[in-house]
Amino acid sequence: MQIQPITNRTSNTSFGAKINWVGGSIVTPKAKKLLPKNSFRRLEEKAKKIGTDTDSVHVGLWYTYDFEPSRNLFLNALGVPTYRVKERKTSLSLTSVFPSKKMVDDLHRTEIKGSSDKQKLSAYKAIWKYLDALEEQYKTK
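What you see is a predicted model; the values in this text were computed from it and never measured.

As for the overall build of the chain
Here comes step 1: In terms of regular secondary structure, the chain is built from three helices and five strands.
Here comes step 2: Shown N-terminal to C-terminal, the secondary structure of the chain runs as helices and strands in the order β-α-β-α-β-β-β-α.
Here comes step 3: Every one of the 141 residues in the chain was classed for burial, and the buried ones make up 30%.
Here comes step 4: Put simply, the chain shows about 10,100 Å² of open surface, and 54% of that area lies on carbon and sulfur atoms.

Quick look at the structure:
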């Protein structure tokens, strides 16, 4: 009777790229709250279809604000300028690092304007399109 050694294969391709979420602060909600409901899970599943477990996609989501001067007689008399929020926008930054294919993508930044629901949906669509482009690029290399 002969005993065969157990071989462990570390190149398991069932684990795909990971998404690293960055964003939010004390005043703004976390990055996951700036996307539609259940879209976070769908985006992670899509990322797992491309790349290996060493590959990663970095997504940054946060609010930015445009301010305009506001009149406050008391504070302005003391020499303190006052401002109010004119518009709230969602800022999105995307980049990817794929050591398995020696691919590093440049940083892509966009600002999304509109209503809160429109901003969430547009951010989701932009991330989805970015993952589609990565998938095509990953397959061709």
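Don't stop here, the text continues.
A closer look at unusual backbone geometry
Here comes step 1: Phi angles above zero are rare outside glycine, and N38 is one such case at about 65°.
Here comes step 2: Counting through the fold element by element, N38 comes out in the loop between β1 (18-22) and α1 (39-48).

A look at a nonpolar patch on the surface
Here comes step 1: Residues Y65, F67, Y83 and V85 make up a contiguous nonpolar surface patch of roughly 420 Å² in combined accessible area.
Here comes step 2: Those elements that place two or more of their residues in the nonpolar patch are β2 (56-69) and β3 (83-98).
Here comes step 3: Mapping V85 onto the fold places it in strand β3.
Here comes step 4: Here V85 falls in the partly exposed class, since its relative accessible area comes to 40%.

Points about the pairing of β1
Look at any regular strand and the pattern is simple: side chains alternate between the two faces of the sheet.
Here comes step 1: The two faces of β1 differ: I19 and W21 on one face are buried, but K18, N20 and V22 on the other face are not.
Here comes step 2: Sheet topology note: the β1/β2 ladder contains five bridges and is parallel. Bridge pairing in β2 places K18 opposite S56.

Here we look at helix α3 (residues 116-140)
Here comes step 1: Compared with an ideal rise of 1.5 Å per residue, which puts 25 residues at 36 Å, α3 spans 37 Å between its outermost C-alpha atoms and is within 8% of the ideal.
Here comes step 2: Along α3, the residues that are buried comprise Q119, A123, Y124, I127, Y130, L131, L134, E135 and Y138.
Here comes step 3: Each element contacted by the buried residues of α3 is listed here: β1, α1, β2, β3, β4 (103-104) and β5 (108-112).

Quick look at the pattern of salt bridges
Between side chains of opposite charge, a pair can form when the charged atoms approach closely.
Here comes step 1: Using the criterion set out here, one finds six salt bridges in the structure.
Here comes step 2: A salt bridge links R41 to E45; the nearest nitrogen and oxygen atoms lie 3.6 Å apart. With R41 and E45 both in helix α1 and four residues apart, this pair spans about one turn of that helix.
Here comes step 3: With a closest N to O distance of 2.3 Å, E68 and R84 form a salt bridge. Of this pair, E68 sits in strand β2 while R84 is found in strand β3, placing the two residues 16 residues apart along the sequence.
Here comes step 4: What you see here is one network of salt bridges that share partners, running through K46, D132 and E135.

Description of the side chain of Q119
Here comes step 1: On the secondary structure map, Q119 appears in helix α3.
Here comes step 2: Polar contacts involving the side chain of Q119 include one to the main-chain carbonyl oxygen of G114, which spans 2.9 Å.
Here comes step 3: When sequence neighbours within four positions are dropped, the list of residues in contact with Q119 reads Y63, R88, K89, T90, I112, K113 and G114.

Each value, and the rule that gives it
- Residues numbered from 1 in each chain as written.
- Predicted model: local features only at pLDDT ≥ 70, side-chain atom pairs only at ≥ 80, totals over all residues.
- Heavy atoms only, no water.
- Helix = DSSP H or I, 4+ residues; strand = E, 2+ residues; numbered from the N terminus.
- Buried < 20%, exposed > 50% of the residue type's maximum accessible area, 1.4 Å probe, protein only.
- Areas by Shrake-Rupley, 256 points an atom, 1.4 Å probe, with all protein chains shown as cover.
- Patch = residues over 30% accessible without salt bridge, like charges linked within 9 Å, V, L, I, M, F, W, Y side chains within 5 Å.
- Salt bridge = Lys/Arg side-chain N within 4 Å of Asp/Glu carboxyl O.
- Pairing = 2+ DSSP bridges.
- Expected span 1.5 Å × (residues − 1).
- Contact = heavy atoms within 4.5 Å.
- Polar contact = N/O pair within 3.5 Å; in protein donor to acceptor, adjacent residues only side chain to side chain.

Don't take any of this as a statement about function, it's just geometry.
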